[in-house]
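Report on the structure
One letter stands for each residue in the lines below.
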Amino acid sequence: VPSAIGVLDALPLSANGKVDRKALPELEVSRSERVYEAPRTELEAKLAGIWAEVLRVPRVGVKDDFFALGGHSLLATQVVSRIRVELGVELVLRALFDGPTVEALAQRVQGASLANPMLSGPMLEDPSRFLSFAQQRLWFIDQLEPGTALYNVPVAVRLEGTLRREVLEQALREVVRRHEALRTTFTEENGQARQVIHSEVDLALEVMDLSGLEAGIREQEARHQLDKEMQRPFNLHTGPLVRARLVKLGEQEHVLVLTMHHIVSDGWSLGVLVREVSALYEAFAQGRPSPLPELPVQYAGYAAWQRRRLQGEALQREVDYWKQQLSGAPPVLELPTDHPRPAVRGNAGATHSFRWPQELEQGLRALAQREGASLYMVLLAGWQVLLSRYSGQQDISVGSPIAGRTRAEVEGLIGFFVNTLVLRAQVEGEGSFRKLLAQVRETVLGAYEHQEVPFEKLVEALQPERSRSHSPLFQALFALQNVPMGEVQLPGLTLKPVDFEGQTSKFDLSLFLTETPQGLSGAVEYSTELFEAATVRRMVEHLRVLLEAVLENPEVSVTRLPLLGPAERQQVVVAWNRTALDYPAATSVHALFEAQAEKHPDAVALKLADGGVPLTYRQLDARANQLAHHLRGLGVARGTRVGVYLERSFEMVVGLLAILKAGGAYVPVDRNYPAERIALVLEDAGVGVTLTQQSLVEKLPASAGTPLCVDSAWEDISRHPETALGVEVGGEDLAYVMFTSGSTGRPKGVCIPHRGITRLVVGNDFMRFGAEEVWLQLAPVAFDASTLEIWGALLHGAKLVLAPPHALALEEVGALLARERVSVLWLTTALYEQMALHQSEALSHVKQVLAGGDVMPAQRVREHVARLHEGSVMVAAYGPTENTTFSTTHTLTRSTPLLASVPIGKPIGNSTAYVLDVHGDAVGVG
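In this convention, every chain numbers its residues from 1, walking through the sequence in written order. Reporting in this predicted model follows two pLDDT cut-offs: at least 70 for local features of residues, and 80 or more for side-chain atom pairs to be given and counted; totals over whole chains, interfaces and linings ignore these cut-offs and use all residues. For side-chain calculations, the full set of non-hydrogen atoms in the structure is used, while hydrogens and water are omitted.

**Focus: the overall build of the protein chain**
- What counts as a helix is a DSSP run of H or I of at least four residues, what counts as a strand is a run of E of at least two, and both are numbered from the N terminus. Secondary structure assignment for the protein chain yields 27 helices and 31 strands.
- Expected size for 926 residues packed as a compact globule is a radius of gyration near 29 Å; at 37 Å, the protein chain overshoots this value by more than 25%.
- For the C-alpha atoms alone, the extent of the protein chain along its principal axes is close to 115 × 70 × 55 Å.
- Residue exposure (1.4 Å probe, protein chains only): buried if accessible area is under 20% of the type maximum, exposed if over 50%, otherwise partly exposed. Every one of the 926 residues in the protein chain was classed for burial, and the buried ones make up 54%.
- Taking as baseline every contact in the protein chain between residues at least 6 positions apart, the subset at least 24 positions apart corresponds to 72%.
- Where accessible areas are quoted, they stem from the Shrake-Rupley method and a 1.4 Å probe; at the residue level, only the protein chains shown are allowed to cover. A total accessible area of about 41,000 Å² is found for the protein chain, and carbon and sulfur atoms account for 50% of it. With the radius of gyration taken over C-alpha atoms, the globule rule is written as 2.2 Å times the number of residues to the power 0.38. Contact between two residues is taken to exist if any of their heavy atoms lie within 4.5 Å; hydrogens are not considered.

**A few points about the pattern of salt bridges**
- For salt bridges, the criterion is a side-chain nitrogen of Lys or Arg within 4 Å of an Asp or Glu carboxyl oxygen. In this structure the tally under the stated criterion is 52 salt bridges.
- Between aspartate 602 and arginine 618 there is a salt bridge; the shortest N-O distance is 2.5 Å. Of this pair, aspartate 602 sits in the loop between α17 (589-599) and β16 (604-608) while arginine 618 is found in helix α18 (residues 617-633), placing the two residues 16 residues apart along the sequence.
- For aspartate 602, a relative accessible area of 55% corresponds to the exposed category.
- Under the relative-accessibility criterion, arginine 618 is labelled partly exposed at 46%.
- Linked by salt bridges that have partners in common, Arg94, Asp98, Arg441, Glu442 and Glu449 make up one network.

**Describing the side chain of glutamine 475**
- Here glutamine 475 lies in the loop between α14 (455-462) and β12 (476-481).
- For glutamine 475, a relative accessible area of 2% puts it in the buried group.

**Digging into the sheet that holds strand β7 (residues 242-250)**
- If DSSP finds at least two bridges between two strands, the strands pair. Within the open sheet, the five strands sit side by side as β6-β7-β8-β3-β13. Their pairing is mixed. Unpaired on one side and paired on the other, β6 (205-209) and β13 (493-498) mark the two borders of the sheet. Going from strand to strand, the sheet's axes swing by 25° on average, the running direction of each strand aside.
- Across the sheet, helix α6 (residues 165-178) touches β6, β7 and β8 (253-261), and the angle it forms with β6 is around 145°. Note on geometry: axes are C-alpha line fits, over the in-contact stretch for helices, and angles between N-to-C directions span 0 to 180 degrees.

**A word on the packing of aromatic side chains**
- In this analysis, rings of Phe, Tyr and Trp, with Trp reduced to its six-membered ring, are considered paired at centre separations within 6.5 Å, and the interplanar angle assigns stacked below 30 degrees, edge-to-face beyond 60, and tilted for intermediate values. Under the criterion given, the structure shown has 17 aromatic pairs.
- Relative to phenylalanine 66, the ring of tryptophan 51 lies with its centre 5.2 Å away and its plane at 70°, an arrangement referred to as edge-to-face. Pair noted here: tryptophan 51 is in helix α1 (residues 42-55) and phenylalanine 66 is in the loop between α1 and α2 (73-87), with a separation of 15 residues, a long-range link. Side by side, tryptophan 51 and phenylalanine 66 carry an identical accessibility label, which is buried.
- With a centroid separation of 4.7 Å and an interplanar angle of 40°, the aromatic rings of phenylalanine 67 and phenylalanine 97 are classed as tilted. In this pair, phenylalanine 67 is assigned in the loop between α1 and α2 and phenylalanine 97 in helix α3 (residues 93-98), connecting sequence segments 30 residues apart. Each of the two residues, phenylalanine 67 as well as phenylalanine 97, counts as buried.
- A ring is considered to have a charge above it if a Lys NZ or an Arg CZ atom is located within 6 Å of its centre and within 35 degrees of its normal. Taking the ring centre of phenylalanine 234 as reference, the NZ or CZ of arginine 243 above it sits at 4.0 Å.
- Here arginine 677 stacks its cationic end above the ring of tyrosine 673, 4.5 Å away from the centre of that ring.

**Topic: the nonpolar core**
- The biggest cluster of nonpolar side chains holds 107 residues, and the ones touching the most others in it are Trp383 and Phe478.
- Among the elements that take part in this core, helix α12 (residues 375-391) stands out by supplying 12 residues, more than any other.
- Excluding anything up to four places from it in sequence, phenylalanine 478 contacts Tyr376, Leu379, Leu380, Trp383, Val398, Gly399, Ser400, Pro401, Leu511 and Leu513.
- Nonpolar cores were defined as sets of buried Ala, Val, Leu, Ile, Met, Phe, Trp, Tyr and Cys residues, with membership established by side-chain atoms within 4.5 Å. Formed by 62 residues, the second largest nonpolar core is a distinct cluster that contains Leu615, Ile757, Ile790 and Leu794.

**A word on the side chain of glutamine 393**
- Residue position: glutamine 393 is located in the loop between α12 and β10 (395-402).
- Under the rule applied, a polar contact is a pair of N or O atoms within 3.5 Å (in protein, one hydrogen donor and one hydrogen acceptor; residues adjacent in sequence only if both atoms are side-chain atoms). At 3.3 Å, the side chain of glutamine 393 and the backbone oxygen of valine 332 are in polar contact.

**Digging into a nonpolar patch on the surface**
- Residues qualify for a patch when their relative accessible area is over 30% and they have no salt bridge, like charges being joined within 9 Å and the nonpolar side chains of Val, Leu, Ile, Met, Phe, Trp and Tyr within 5 Å. A surface patch of nonpolar side chains, amounting to about 420 Å² of accessible area, comprises Leu8, Leu11, Leu13, Val19 and Leu24.
- Residue valine 19 is classed as partly exposed on the basis of its relative accessible area of 41%.

**Examining α1**
- Over its 14 residues, α1 extends 20 Å from the first C-alpha to the last, a length consistent with the 20 Å expected when each residue adds 1.5 Å.
- Of the positions making up α1, those classed as buried are Leu43, Glu44, Leu47, Ala48, Ile50, Trp51, Ala52, Val54 and Leu55.
- Contacts made by the buried residues of α1 are with α2, α3 and α4 (102-110). How far a helix is expected to stretch is found by multiplying one less than its residue total by 1.5 Å.

**Side note on unusual backbone geometry**
- With omega at -10°, the peptide bond leading from glycine 239 into proline 240 counts as cis.
- Inspection of the secondary structure puts proline 240 in the loop between α7 (215-231) and β7.
- The phi dihedral of arginine 56 is positive, around 60°, even though this residue is not glycine.
- Relative to the helices and strands, arginine 56 is located in the loop between α1 and α2.
- Classification of arginine 56 as exposed rests on a relative accessible area of 61%.
- Its identity is not glycine, yet glutamine 463 carries a phi of approximately 50°, on the positive side.
- On the basis of relative accessibility, which here comes to 64%, the residue glutamine 463 falls in the exposed class.

Written out as structure tokens, the structure reads:
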């Protein structure tokens, strides 16, 4: 009769298609139903006793699995420590992972070496003169940043019931008496830091009475006092380095806050503190003496032992291991951040808390057990996959704190033992999660075996390039917090933990997970200088989705693990991707222009800003047709590339339109380009004909092909018919070739089809297009902003005002805007800032201002918006990347809030949309 039955959706198969028995999950069987096999030898009996003590179970059989009974890495460390004390042998932690039953472990113990000399007290005459390596680092940091609260270690608990304050104070004083670390301050002698252990410290219980306040205000003030207490700095020189504050909320309700400096405590120490206060309070309340035995060693003795042990060849062997492990690791984890990384990253931070369901924890624990790993290893591997996917890096280093209490003698000691390990993983894209987990398992076990090298010594040995913009060796941290706290009870009182909202962050990102009966409780501590809260919330959700996918199929490659949940996938893939527009993709640009010429024949199409008779749509169409006939006679056919080397003029616009009507594609060249660039562009484009003017023709290189001076040859050109040629040209035909700046190498020509232009200016809603608009053509023709200006006007029947060809002063631009009543204007960011400063009145009358290409100046935008006249105004970020045009806008009115988040505009083609974000002190385009 089976003791348990489990149902699977499918049996796991090996690569050969056979049932993979090792991959079968262990069935959940209550411990009472397991077949108990008693120890058979004295060694097995001792091991079973050690396991029972550490795991807190009544008995352990020789076939029982350590991890199935609730064991994890920290408890495994305690088992190894007790084996060292009780059996006198040195066992590596890996032995317990490789042999997780009493029977298997007994075999490994028999072959183990004798234990190293154990810590039994101060090993040097004056241990107080020594700081541990970890303490020395915090002392150094305190000298650099005195008065920081970054290393405060607080714990708070709500006490409901009858509290005997004098008994609580007595218990706290006894804890301070027992632990020298809590009576320690720090000083400097001859340039060296040293400990000063005081014979006694009067720990006063500070009391704040809030019971007279109204209930709502009382809770709010209590929270304020907790936050204030957490931010109060310690003075390492004067001490004391432990504080106790009692906030009275009522006769039957108090909040106790205990705060220690990290230099004398750690997370494990909090558990020791709370357990001892609980035991002492209960004893003293009943008039009994302290039930706690005297401590076998004090922290100063441990610090002296550490320094004596970690020196010479012993230290060098450990350091060599870490040098090999971390050689060539990337110095920075390049996560995409919401804000640019500052040159000096501060400690400002925030915390996002969350909870994952119990089913997820149980599934991950079962996966770990099947793979001979721990829950910690599975979660670490998942975190490293997420960081790899976010950063695009395969080589991922993560920091992880470890309790550092490898000796049984220090398990009950308050002090700074915790160490930080650097765990590196190669997250290979095509490798499975199971394969990665095996790698992480080996990395973690190796790190545990070499955990005694303090992080401070590791940094000293590796000597990474130091930068105040990021922490050395790693910038992301992971911790599974399973430090033993024990059951805490006080007579006549009910205790409830109080959570703190952190306001600091030591690293870019730190993920903390805690095992609870309800599932995994988590918190992400993040730098607010780098990340927004929404980004961190999304990252946590992505990690949950990833881990759930791992449970479904651990064999899937890590690059194929999903990150998006159903709702976000619908939003990103479907909702946000609805960028399709009903625009004439198959129609040529000149056909759309001809439709406007037929619809608005007498409307003004072109006007020179410096005077002259304007051209109507009928006249512009006729001239372009005549020039198109002439170009056909010069051999311009469908797909022929024609150079355009003209000043801003009627001839320039006529030439562009005529080239398209002839079936060709224009290659614009700025007349101010250096001669070498002009020659390179025209040669690379392979032009056969170049349109120019009599004043410029002598500057043309030989690569320009046949020059055609449009101004001087117009008498011949005008003899051609004014009717269209009827050349068959579609949306996929080439319209123009524009060259990149060449700032990253040789300039590259980008080929834009007709549909690229029509997709930008026809049927789009990122701005207002229409016949009533007046556009200013200000951008050089070889800069793709001119595409928006010219065709945004001419394909909608609007007026296009051509600015004079010379470089304009700000006053000239301002006067031009006012005189011509320009309603649509595109400016580079730099020019926008100068116009907003010096021509603000003229700029405020322009209905649609588009600017981009660089980070927008927030103050100038605010000033511009404040001057806007009644009616809607559009401020848009419009920017080209490699001559692919795209934009985004936000409509602003007098009543629009200035600090507004601007929606992402619709991308053109395969480009990425720019965003104009007026928020805080920055306007971002990116």
